[in-house]
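In case you want the letters, here they are:
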Amino acid sequence: MRRLNISHVTEYRFSTPVALQPHRLRLRPLESHSLRIESSTLDITPAHAIRWYQDVLGNSVATVSFGDIADTLHVLSAVVIAVYDDAPLDFLMEDYAVNCPFAYAIDEQPDLVAFEQSVYPDDRPAVHTWLNGLGLLKRPIETFALLSQLNCAIANNFTYQIREEEGVQSPAKTLRMNSGSCRDFAALFIEACRYMGLASRFVSGYLHMPNNEEGNASTHAWAEVYLPGPGWKGFDPTSGLITGNHHIPVAVARHPEAVPPISGSFVGPAGLRPVLKVSVRVSDVGV
């Protein structure tokens, strides 16, 4: 077991006071059999009120409302978690799902159908051409080998870039540019999985790998695929790794743009844009 401290600071500075509208914060990690939250605090200025709720997928969301106008919004999330050893490759697939294609169990299909539907339908021809070029549309093929090859194909053949712009690139744009951020790679991986009939979802969170500056410098994103037997299994197409307890999930979603860490708006002069500063640190605090 390891204990980790997560410090996530977000600050918006405006050149003139503005009226901050309600903001939604998705900063609290998702607890599971391998992750437990020991403490969690939010330090927010200006004066505010918080209301917590769980969304349809079980993500913890804080809705923050503000009163007076302000020229700065400062949010500090400090979380201490306990993560337990896991073996990401120690799992068993159900016999019927060892090879692809396969059909999900009838009792699971209603819950999975939303995660099999494309959110970039116009990009399907480009995704088909790319997958065909990789040889991943040949059938039958061993399911886990298929996913591992797809994961590594993105990690090894695309150029990673830190993008400060909001939003997620479409898979077609990522394929055309041959580059993207972690969230762009996750979106491409998910769309490819859905094209092949595999239920998949987007995961936003943190990565604790001190030697990996790309992943440890900010929030991180990856994908999960629902596999009969192990259930939701994580794949990180930025690194080509199967996710383990170095990946700390905060929120999951069907659509890659649905779970930014902080979202909201403000009322102010036309054309006003805040200066954004973000700092994320994940450190080991021992047992």
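Residues numbered from 1 in each chain as written. Predicted model: local features only at pLDDT ≥ 70, side-chain atom pairs only at ≥ 80, totals over all residues. Heavy atoms only, no water.

Trainee: Which residues make up unusual backbone geometry, and what values go with them?
Mentor: Peptide bonds are trans in most cases, and residues, glycine excluded, mostly fall at negative phi. Of note, the bond from C100 into P101 is cis; its omega dihedral lies within 30 degrees of zero at 10°. Relative to the helices and strands, P101 is located in the loop between β7 (99-100) and α1 (109-112). With an omega of 0°, the peptide bond between R139 and P140 qualifies as cis. In this structure, P140 sits in the loop between α2 (124-134) and β8 (141-142). Positioned with a positive phi, N178 is a non-glycine residue whose angle comes to about 55°. (Helix = DSSP H or I, 4+ residues; strand = E, 2+ residues; numbered from the N terminus.)

Trainee: Any details on the nonpolar core? Residues and values, ideally.
Mentor: Residues W130, L131, L147, L150, F189, L198 and V225 are the most contacted members of the largest nonpolar core, which totals 42 residues. Listing elements by their share of this core, those giving two or more residues are α2, α3 (143-157), α5 (182-195), β12 (220-227) and β15 (247-253). Apart from residues no more than four positions distant in its own chain, V225 is found in contact with L147, F189, C193, L198, A199, S200, G231, W232, K233 and F235. If you look at the next biggest cluster of nonpolar residues, it comprises 26 residues, including Y12, L27, L35 and V280. (Core = buried A, V, L, I, M, F, W, Y, C linked by side-chain atoms within 4.5 Å. Buried < 20%, exposed > 50% of the residue type's maximum accessible area, 1.4 Å probe, protein only. Contact = heavy atoms within 4.5 Å.)

Trainee: Kindly report on the packing of α3 against α5, identifying the contributing residues and their values.
Mentor: It is at 10 Å that the axes of α3 and α5 come closest, and there the two elements cross at 150°. Here α3 lies roughly antiparallel to α5, going by the angle between them. Both α3 and α5 take part in a crossing whose hand is right-handed. Where α3 abuts α5, its residues L147, L150, N151 and I154 lie against F185, L188, F189, A192 and C193. Class assignment for the residues of the contact of α3 with α5 results in eight nonpolar, one polar and no charged. (Axes fitted to C-alpha atoms, helices over the stretch in contact; angles between N-to-C directions. Parallel < 35°, antiparallel > 145°, perpendicular 65-115°, else oblique. Left-handed = near helix turned anticlockwise from the far one by under 90°. Nonpolar A, V, L, I, M, F, W, Y, C, P; charged D, E, K, R; others polar.)

Trainee: So what's going on with the sheet that holds strand β16 (residues 262-263)? Residues and values would help.
Mentor: Read from one edge to the other, the open sheet built from four strands follows the order β4-β5-β2-β16, with strand pairing classed as antiparallel. Looking at the sheet topology across the chains shown, the edges are occupied by β4 (48-54) and β16. (Pairing = 2+ DSSP bridges.)

Function-wise, these values are silent; they only describe arrangement.
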